[in-house]
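Structure at a glance
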Amino acid sequence: MKPVLPPTGEESLRPHSYDGIQEYDKRLPNWWLYTLYATIIFWVGYWSYYEWFGAGRTGPQVVNAAMASIEAERLASAPVDDSSLWKMSQNTAIVSAGKAVFDANCSACHLVSMRGKSESPVAIGPDLTDQKWVNGGRPTEVYNLITKGVLTKGMPTWGPVLGAKKISDVTAYVMSRHKEGDPILVETPPPTP
Amino acid sequence: MSAPLSHEPPSRDSVTTIRSDGSRPFVYPADAHGRFATARQFSAYALIAFYLSLPWIKVNGYPAVFLDVANRRFHLFGITLAAQDLWLLFFVITGLGFSLFFITSLLGRIWCGWACPQTVFLDHVYRRIERWVEGDAVERRALQAAPMSANKFFKLTLKHGLYVLVSAIITHLFLAYYVSLPEVWGMVRAAPAEHWSAFAFIFVATFGLYFNFAWFREQLCIVICPYGRIQSALIDDHSLVIGYDATRGEPRGKVGTTGVGDCIACNRCVQVCPTGIDIRQGLQMECIGCTACIDACDDIMTKLKRPAGLIRYDSQKAFTGGRTRWLRPRTFLYGLLLLVGASVATWALSTVRPANFGVTRMTGGPYVIDAGSVRNQFLVRIVNKRNEPARFLVRLEDVPKTVRKIGFEEVLEVGPLGEVVQPLVLQQARGAYTGPFHFEVRVEDAAGRFHLERAVEFLGPEARLLREEEEEKHRHERERH
């Protein structure tokens, strides 16, 4: 095989040499250069659009807008005030949806009968059908309690697990076992050991 | 016999398809016919048929390959993977890597010439269209050089029209890998505005394919493809490559002259090369192993009644008079890595079940102590990966008898491709409590086909502390009375 001779123009050979390997200084293909130029032009447009004219929304703005729309949707779908929750507690469709959520998630501690410790002394959760309320008995108080939980007592934070819709359903189901105007006896929680 | 080349005579000092001013000479490779061309054509059509038929063949109710991105379910030859099984991708990628290592060290760039979609579609679809519309290499160059005429305009329109059509067909079937054929068909019949993202994908991908196969061609292999670069580190003098037997061929000379080798310097091997190199200058990075030069040279040698194989598949070692060693440290190492990778991948795939589940602690403290007991609360998430309802039993293993399990008392039904999250509470009376322990949550298919386990720890205070506190409370009570 013929040895490969260095090219006639010595200046096209780059001065460096690694492990005896040298390289030529060849021109890049034009299509490659045009691609580079195109990305530079794109960058100018992109930069002016976002940074100079401020026409496009920045990342944080997009996130905030998305969060705001989620928040708005949540507020719109869950009108949580006492009267609307009482009204929901009389709607059979909502109550039966709430019962499904209750049976799947709450009955482990409060029992399917909702009677908790009153039915069985080994049950974990308190009775939800009597008029003694450990943490307040107005529908919005119940709603907020389910959402936020009572961590010291082991009531979990259901907000992120269930979402607003299911929580208002399950609140309606609990309140369907009560009547508006029933006395609310606030039971002092036993001292936590 | 020697038609003029479409480009400058190739040299090893520069890439033929990039001129010194950076412009690109378009290569018009001549036709090569022979046993390799025929075999490659068959294998290419088989591969195209295979790739294009995957969305049509149903295995276990799903297309053979259906990457359902919208529902995050990936159906591969009857196995359904969920997003949770993504870790398997590690083995798929390393497995591909090791196979590539192994095959390249043995057989060189066999993939590039025989199986790479770039070569398969370019040589056996697009170049065929070009050949059919515009004629052979000489005619194609003449047409390119000719002034615009009705005939040239018609031929160019026909060729590029067919290119776009074929690109669009390939893109649609490619999209079917992701959204299934009926859905592609539905989208095709609806207005573009209704599925604008799919439409944009088709538009851009069709254009990309058209540009690549109509103009870009060998530049992808030479400049963009990383595998082309990696191979130089993977092959050695014993790897199979396409090369020229210089000892037999040199010095080149016309038929009839004495004292010359077998090569008659007809340049046929250069004319047929799709990347524009001269294989007689030795192994070069541009060579994609397409075998065109073998067929071309064999054809000439046969006509001259000389033995074929002046250009052939062989190792660098063999071309310089040595013997090819197939068993080398490198092939053993790559083979071993491949074997390890394949076994782990097989094991990993065998652990994939038609369901997935996870156990997480509920928010709040890691454990709750009330008047009579210590308890741990978990959320169990069960994902059904089948497209039919599934029934599960949730059981506990290695749990002391004194522990009460609350939740999952009955068989749980999860809808097709559904997901259920439910609480699981473990409660142990203070008196029976002896400290934290490890246990297992087991989800069983109600029909007994499979089960899944997760190791979990029951957390709580040290039993001694709890007892001391208990005793102190009793003392207080006694003192009060």
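Residues numbered from 1 in each chain as written. Chains lettered and ligands numbered in written order. Predicted model: local features only at pLDDT ≥ 70, side-chain atom pairs only at ≥ 80, totals over all residues. Heavy atoms only, no water.

1. Comments concerning the overall build of chain B
Rule in force here: By the criteria applied, helices consist of DSSP H or I runs no shorter than four residues and strands consist of E runs no shorter than two, each listed in order from the N terminus. Each radius of gyration is computed over the set of C-alpha atoms, and the globule rule expresses the reference value as 2.2 Å times the number of residues to the power 0.38. Any two residues whose heavy atoms approach within 4.5 Å are treated as being in contact. Surface accessibility follows the Shrake-Rupley procedure with a 1.4 Å probe radius. Residue values consider only the protein chains on display as shielding. Counted as positive: Lys and Arg. Counted as negative: Asp and Glu, with His and the chain ends omitted from the count. Positions of charges follow a simple convention, taking NZ of Lys, CZ of Arg, CG of Asp or CD of Glu.
Helix and strand content of chain B: 16 helices and 16 strands. On C-alpha atoms alone, chain B measures out to a radius of gyration of 33 Å, which is more than a quarter above the 23 Å that the 2.2 N^0.38 rule sets for 481 residues. Over its C-alpha atoms, taken along the principal directions, chain B stretches across nearly 125 × 60 × 45 Å. For chain B, the proportion of contacts with a sequence separation of at least 24, taken over those separated by at least 6, is 69%. Here chain B displays about 25,000 Å² of accessible surface, and carbon together with sulfur accounts for 63% of that area. Considering chain B, the positive charge centre built from 55 side chains and the negative charge centre built from 46 side chains are found 6 Å apart.

2. What about helix 1 (residues 35–53) of chain B?
All names here are of chain B. Using the following cut-off: Here the expected span of a helix is defined as 1.5 Å times the quantity of residues minus one. Partly exposed describes any residue whose relative accessible area lies between the buried limit of under 20% and the exposed limit of over 50%, with all areas from a 1.4 Å probe on protein chains only and scaled to the type maximum. In this context, the arc is that of the directions from the helix axis out to the C-beta atoms.
Spanning 19 residues, helix 1 covers 27 Å between terminal C-alpha atoms, matching the ideal 27 Å at 1.5 Å per step. When helix 1 is considered as a whole, its buried residues turn out to be Phe-36, Arg-40, Ala-44 and Ile-48. Projection of helix 1 onto a plane perpendicular to its axis shows the buried side chains occupying an angular sector of 95°, all on one side. Projecting away from the buried face of helix 1 at angles above 90 degrees are the exposed residues Arg-35 and Phe-42.

3. A short note on the packing of helix 1 of chain B against helix 4 (residues 117–134) of chain B
Residues and elements named next belong to chain B. Using the following cut-off: Between the N-to-C directions of two axes lies an angle of 0 to 180 degrees, each axis being a line fitted to C-alpha atoms and, for a helix, fitted only over the stretch in contact. The labels follow the angle: roughly parallel below 35 degrees, roughly antiparallel above 145, roughly perpendicular from 65 to 115, and oblique for the rest. All amino acids are sorted into three groups, where Ala, Val, Leu, Ile, Met, Phe, Trp, Tyr, Cys and Pro are nonpolar, Asp, Glu, Lys and Arg are charged, and the leftover types, Gly among them, are polar.
One can describe the packing of helix 1 onto helix 4 by two numbers: an axis separation of 9 Å at closest approach and a directional angle of 105°. Comparing the axis directions of helix 1 and helix 4 gives the class roughly perpendicular. Each of Arg-40, Gln-41, Ala-44, Tyr-45, Leu-47 and Ile-48 in helix 1 lies in contact with helix 4, whose residues at this interface are Thr-119, Val-120, Phe-121, Asp-123, His-124, Val-125 and Arg-128. Taken together, the residues that form the contact of helix 1 with helix 4 break down as seven nonpolar, three polar and three charged.

4. Re the interface of chain B and chain A
This is how it is decided: Throughout, buried area stands for the accessible area (probe radius 1.4 Å) lost by two parts on being put together, summed over both. By definition, a salt bridge exists where a carboxyl oxygen of Asp or Glu is found within 4 Å of a side-chain nitrogen of Lys or Arg.
With 34 residues of chain B in contact, the opposing surface of chain A contributes 28 residues. Summed over both partners, the interface of chain B with chain A comes to about 2,500 Å²; 64% of that surface belongs to carbon and sulfur atoms. At the junction of chain B with chain A, the criterion picks out zero salt bridges. For the side of chain B that touches chain A, the secondary structure elements donating two or more residues are helix 8 (196–216), helix 9 (218–224), strand 10 (373–384), strand 12 (403–406) and strand 14 (419–429) of chain B. Among the elements that line the side of chain B that touches chain A, the one with the most residues is strand 14 of chain B, at five residues. Residues of the side of chain B that touches chain A, tallied by class, amount to 13 nonpolar, 13 polar and eight charged.

5. A look at the sheet that holds strand 4 (residues 73–76) of chain B
Working definition: the strands of a sheet are paired by backbone hydrogen bonds and lie parallel or antiparallel to each other. All names here are of chain B. To keep things clear, this is the line we draw: The rule for pairing is simple: two strands pair if DSSP sees at least two bridges between them.
Pairing is antiparallel in the open sheet, where three strands are placed in the order 3-4-5. Edge strands, defined here as strands with exactly one partner in the open sheet, are strand 3 (65–68) and strand 5 (79–82). Taking each pair of neighbouring strands and ignoring which way they run, the sheet shows an average axis angle of 15°. Bridge count between strand 3 and strand 4: four bridges; the pairing is antiparallel. Note on strand 4: the bridge partner recorded for Val-65 is Leu-76.

6. Here's the deal with the confidence of the model for chain A
All names here are of chain A. Rules: You can read pLDDT as the predictor saying how much it trusts each residue, on a scale of 0 to 100.
Overall, the prediction assigns chain A a mean pLDDT of 83, with 88% of residues at 70 or greater. Across chain A, the secondary-structure element scoring lowest on mean pLDDT is strand 2 (residues 185–186), at 78, and the one scoring highest is helix 1 (residues 30–52), at 93. Of the regions scoring below 50 in pLDDT, residues 1–7 engages in 12 contacts with residues more than four places distant in sequence or in other chains.

7. With respect to unusual backbone geometry
Phi is mostly negative for residues that are not glycine, and the peptide bonds are mostly trans. The residue after Glu-250 of chain B, namely Pro-251 of chain B, is reached through a cis peptide bond having omega -15°. One can find Pro-251 of chain B in the loop between helix 11 (246–249) and helix 12 (268–271). Unusually for a residue other than glycine, Asp-19 of chain A sits at a positive phi of about 50°. Mapped onto the elements, Asp-19 of chain A comes out in the segment before helix 1. Asp-19 of chain A sits in the exposed class, given a relative accessible area of 79%. One non-glycine residue, Leu-111 of chain A, lies in positive phi territory at about 65°. With respect to the helices and strands, the residue Leu-111 of chain A is situated in the loop between helix 4 (92–110) and helix 5 (116–119).

8. Notes on the packing of aromatic side chains
Just so we agree on the cut-off: Two aromatic rings, drawn from Phe, Tyr or Trp (for Trp, its six-membered ring), form a pair once their centres lie within 6.5 Å of each other, and the interplanar angle then sorts them: stacked below 30 degrees, edge-to-face above 60, tilted otherwise.
Counting across every chain of the model gives 33 aromatic pairs over all chains. Ring centres of Phe-392 of chain B and Phe-450 of chain B lie 6.4 Å apart, and the angle between their planes is 70°; on these two criteria the pair is classed as edge-to-face. On the criterion of sequence distance, the pair formed by Phe-392 of chain B in strand 11 (residues 390–397) and Phe-450 of chain B in the loop between strand 15 (437–445) and strand 16 (451–458) is long-range, its members being 58 residues apart. An identical accessibility class is assigned to Phe-392 of chain B and Phe-450 of chain B; each is buried. For the ring pair Phe-437 of chain B and Phe-439 of chain B, a centre distance of 5.9 Å and an interplane angle of 55° mean the geometry is tilted. In this pair, the class of Phe-437 of chain B matches that of Phe-439 of chain B, namely buried. One aromatic cluster in this structure is built from Trp-31 of chain A together with Phe-207, Phe-211, Trp-215 and Phe-216 of chain B.

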